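The residues making up each chain are set out below.
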There are 2 protein chains.
Amino acid sequence: MSDIDGRAVAKQIRAEVAAAAAKLRADGTVPTLAVVVPTDDEGTAWYVRSIKKAAEKEGVDCRVEQLTAPGRAEIIAKLEALSADPEVHGIICQTPLPEGVTLAEVGWYISPFKDVDGANQESLGRLAQGRRTFAPATAAAVLELLKHEDLTLAGARAVVVGRSTVVGKPAALLLLNESATVTVCHSRTKDLATVCREADVLVAAVGRAEMIGADFVKPGATVIDVGTNPTDDGGLVGDVDYAAVAPVAGRLTPVPGGVGPVTTALLLRHTVEAAELSLTHP
Amino acid sequence: MSDIDGRAVAKQIRAEVAAAAAKLRADGTVPTLAVVVPTDDEGTAWYVRSIKKAAEKEGVDCRVEQLTAPGRAEIIAKLEALSADPEVHGIICQTPLPEGVTLAEVGWYISPFKDVDGANQESLGRLAQGRRTFAPATAAAVLELLKHEDLTLAGARAVVVGRSTVVGKPAALLLLNESATVTVCHSRTKDLATVCREADVLVAAVGRAEMIGADFVKPGATVIDVGTNPTDDGGLVGDVDYAAVAPVAGRLTPVPGGVGPVTTALLLRHTVEAAELSLTHP
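For clarity, every value in this text was computed on a predicted model and none was experimentally measured.

The rules behind these values
- Residues numbered from 1 in each chain as written.
- Chains lettered and ligands numbered in written order.
- Predicted model: local features only at pLDDT ≥ 70, side-chain atom pairs only at ≥ 80, totals over all residues.
- Heavy atoms only, no water.
- Pairing = 2+ DSSP bridges.
- Helix = DSSP H or I, 4+ residues; strand = E, 2+ residues; numbered from the N terminus.
- Axes fitted to C-alpha atoms, helices over the stretch in contact; angles between N-to-C directions.
- Contact = heavy atoms within 4.5 Å.
- Buried area = accessible area lost by both parts, 1.4 Å probe.
- Salt bridge = Lys/Arg side-chain N within 4 Å of Asp/Glu carboxyl O.
- Core = buried A, V, L, I, M, F, W, Y, C linked by side-chain atoms within 4.5 Å.
- Buried < 20%, exposed > 50% of the residue type's maximum accessible area, 1.4 Å probe, protein only.
- Least-squares fit on C-alpha atoms with pLDDT ≥ 70 in both.
- Parallel < 35°, antiparallel > 145°, perpendicular 65-115°, else oblique.
- Left-handed = near helix turned anticlockwise from the far one by under 90°.
- Nonpolar A, V, L, I, M, F, W, Y, C, P; charged D, E, K, R; others polar.
- UniProt positions renumbered as here; feature names shortened; annotations may be inferred.
- Domains from an automatic or database assignment.

Visitor: If you had to explain the sheet that holds strand β3 (residues 61-66) of chain A to someone new, which residues and values would you point to?
Guide: All names here are of chain A. Pairing is parallel in the open sheet, where 3 strands are placed in the order β3-β2-β4. Both outer strands of the open sheet, β3 and β4 (90-93), are each paired with one neighbouring strand and no more. Each strand axis lies, on average, 15° off the axis of its neighbour in the sheet, ignoring direction. For strand β2 (residues 32-37) and β4, the ladder comprises 4 bridges, and the chain directions are parallel. Of the residues in β4, the one forming a bridge with L33 is G90. Sheet strands touched by helix α3 (residues 72-84): β2, β3 and β4. Its angle to β4, the strand with the most contacts, is close to 170°.

Visitor: Outline the interface of chain B and chain A, supporting the account with residue identities and numerical values.
Guide: When the parts come together, some accessible area is lost, and that loss is often what is quoted as the size of the interface. The interface of chain B with chain A comprises 35 residues on the first partner and 35 residues on the second. Between chain B and chain A the total buried area reaches about 3,000 Å² when both faces are included, carbon and sulfur atoms providing 52% of it. At the junction of chain B and chain A, the tally comes to 2 salt bridges. For R157 of chain A, the salt bridge is made with E198 of chain B, and the minimal N-O distance between the two is 2.9 Å.

Visitor: Give me the nonpolar core: which residues, what numbers.
Guide: L33 and L175 of chain A together with L175 of chain B are the most contacted members of the largest nonpolar core, which has 118 residues in total. Residues contacting L175 of chain A, with those up to four places away along its chain left out, are L143, L146, L153, A158, V160, A180, V182 and V203 of chain A.

Visitor: Summarise the relation of the copies chain B and chain A; cite the residues concerned and give the values.
Guide: Note on the copies: chain B fits chain A at an RMSD of 0.0 Å, the axial shift is 0.0 Å, and the rotation between them is 180°. Expressed as an axis order, the relation between the two copies is that of a two-fold axis. Of all interface residues in chain B, 100% are interface residues in chain A too; the two copies therefore contact each other through one and the same surface.

Visitor: Residues and numbers for the packing of helix α1 (residues 6-26) of chain B against helix α10 (residues 259-280) of chain B, please.
Guide: All names here are of chain B. Closest axis-to-axis distance for the α1/α10 pair is 8 Å, and the angle between their directions is 20°. By the angle between their axes, α1 is roughly parallel relative to α10. Here α1 runs over α10; the crossing is left-handed. Of α10, the residues touching α1 (which contributes G6, R7, V9, A10, I13, R14, E16, V17, A20, A21 and L24) are P261, V262, A265, L266, L268, R269, V272, A275, E276 and L279. Residue composition of the contact of α1 with α10, by class: 15 nonpolar, 1 polar and 5 charged.

Visitor: Give me the UniProt feature "domain: Tetrahydrofolate dehydrogenase/cyclohydrolase NAD(P)-binding" (unreviewed entry) in chain A: which residues, what numbers.
Guide: The positions that UniProt labels "domain: Tetrahydrofolate dehydrogenase/cyclohydrolase NAD(P)-binding" (unreviewed entry) are, in the present scheme, residues 136-277 of chain A. In the segment residues 136-277 of chain A, helix accounts for 35% and strand for 17%; the C-alpha atoms at its two ends are 18 Å apart.

Visitor: Give me the lowdown on unusual backbone geometry, citing residues and values where you can.
Guide: A negative phi holds for most residues other than glycine; trans holds for most peptide bonds. Each neighbour pair has its own omega, and for V255 of chain A with P256 of chain A the value is 0°, a cis peptide bond. Tracing the backbone through its elements, the reader meets P256 of chain A in the loop between β11 (251-252) and α10 (259-280). Residue T95 of chain B is joined to P96 of chain B through a cis peptide bond whose omega torsion reads 0°. As for its placement among the helices and strands, P96 of chain B is situated in the loop between β4 (90-93) and α4 (103-106). Phi angles above zero are rare outside glycine, and S179 of chain A is one such case at about 70°. Its place among the elements puts S179 of chain A in the loop between α7 (168-177) and β6 (181-185). Among the residues examined, S179 of chain A registers a relative accessible area of 9% and is labelled buried.

Visitor: Break down the packing of α1 of chain B against helix α6 (residues 137-148) of chain B for me, citing the residues and quoting the values.
Guide: All names here are of chain B. Two elements in contact, α1 and α6, have axes separated by 11 Å at closest approach and are oriented at 100°. Classified by the angle their axes make, α1 and α6 are roughly perpendicular. In this structure, α1 contributes G6, V9, Q12 and I13 to the contact, and α6 contributes E144, L145 and H148. Partitioned by chemical class, the residues of the contact of α1 with α6 number 3 nonpolar, 3 polar and 1 charged.

Visitor: Residues and numbers for the pattern of salt bridges, please.
Guide: Residues and elements named next belong to chain A. According to the stated counting rule, one finds 30 salt bridges over all chains in the structure shown. Here D27 and K23 are joined by a salt bridge, their closest N and O atoms 3.4 Å apart. Exposure class is identical for D27 and K23. Each is exposed. In this structure, K147 and E178 form a salt bridge, with 3.1 Å as the shortest nitrogen-oxygen distance. Of this pair, K147 sits in helix α6 (residues 137-148) while E178 sits in the loop between α7 and β6; the two residues are 31 residues apart in sequence, bridging distant segments of the chain. Judged by relative accessible area, which is 52%, K147 ranks as exposed.

Visitor: Could you give me a rundown of the sheet that holds strand β8 (residues 222-225) of chain B, with the residues and numbers involved?
Guide: Pairing is mixed across the open sheet formed by 12 strands, whose spatial order is β1(A)-β11(A)-β8(A)-β7(A)-β5(A)-β6(A)-β6(B)-β5(B)-β7(B)-β8(B)-β11(B)-β1(B). Each having just a single partner strand, β1 (2-3) of chain A together with β1 (2-3) of chain B make up the two edges of the open sheet. With 4 bridges connecting them, strand β5 (residues 157-161) of chain A and strand β7 (residues 201-204) of chain A associate as parallel partners. Within the sheet, the bridge partner assigned to A158 of chain A lies in β7 of chain A and is V201 of chain A.

Visitor: Mind laying out the domain arrangement of chain A, listing which residues take part and the relevant values?
Guide: Taken domain by domain, chain A consists of domain 1 (28-117) and domain 2 (137-260). A separation of 27 Å is found between the C-alpha centroids of domain 1 of chain A and domain 2 of chain A.

Visitor: Before we move on, can you summarise the UniProt feature "domain: Tetrahydrofolate dehydrogenase/cyclohydrolase catalytic" (unreviewed entry) in chain A with the specific residues and values?
Guide: If you check UniProt for "domain: Tetrahydrofolate dehydrogenase/cyclohydrolase catalytic" (unreviewed entry), the listed places come out as residues 4-117 of chain A in our numbering. Counting secondary structure, residues 4-117 of chain A comes out at 47% helix and 14% strand; the distance between its end C-alpha atoms is 23 Å.

Structural data, given as structure tokens:
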């Protein structure tokens, strides 16, 4: 088994981002990402700080828009204002959202031209149509990692465990666009281990610590672990039981150091792409 | 094996449509479907006549908008005008389109409130988000037929053969919303028969006459045949080899008389729903 090195992939993407950002700045455009943070949540705050640090290191400005106990209308107003602001190129709305508000509903107010984390239904629809669009960064990171491997996705059997709108479904659509034969599993799937063992490429996006054991993995399969489950001692573990699966899988992403850093790097890549798009489609 | 009777399902839906249309008319709203026909195509002309006849029988007005050798701009202008017309509630743009024009790109100009055949990327995105929306009528017909059977979709293994934006992908998303474990196959799938044999519910939407043979079907499976392939003698056959599959399948839709009539009935149901929607969201 070999580890898939997410940090190395992220480093390469971030070098490309830094070059594109420098060029944009030289031409008078400061690529700018706005991160709307609607709730006080420690995990979110940590994540937002890490995005901001990464962005600024590569020459992308990052505006954190912390809202205090906002209602739906206030979140929507903020997203509309940022969508209309010519100095903002990328917009993310962090979850969790206040009770009763969903990302699916407020995502509509992020302009599709700035929707660097694919929250708008138009972005998702374009993805389903197989057109160019911003995919949710985590789903895009799954594909990016697979494309860095020497793998043939066309005709491969891919199994995605998890059907969320932000990861499972867009990852499945992206894999389908690459001509994989794609199965989506979830909490209602019967005999999940058996279905997962059909996979040449297994994507775990369930959000349950280490639930994917050795018996879920066909020998030699490529396993992408999207999970980031906090442990009691302040660490992170994935949805895959790394120690158990490593002897069976052909390739496996570690947690941390797999999907996570690539997701951040792709948010930045999407932001410079959105800044470039703003020059031709102001 | 028992046939799934699409005509009976369609009849029931059309009776509901007729009742809803009569109520709308009594309240001063004439539910109206506009069908934009951008090319001279005999098959299309036949299909459009059949929709018009069905619509008018149930109290839905049907405006056929035949365009002569239109460019992209003319098609878009027509769809925009119909989207803005308060007397039109549902809009379909018929394929085939002129060379170089795709339904994915012109579908954007059909208001999502009138998009009764789910051609707009926003409709498809909402479908992927699991929200209320108009799904493409053929994909919706697949689900409608399954729901009329005494079947449990949650946890069932569903295999969709075909990944088109108008049938395969939306049918897969609808099945996923019903908690089936869903696999999408296509021309690049390896060992297609084996994958299909995993299915409790098999949806054939490939557009190749009778390509699904007995060896593609698990004994007792429910098979929905979306194919409508013209035969040399002027008839229609499905994507399923009916004679071969009938002894193996538990239930099977015939062609004609399966998905087709239900698709037409759902276009009408969507149109009265859109007319109802226009009263609260003018």
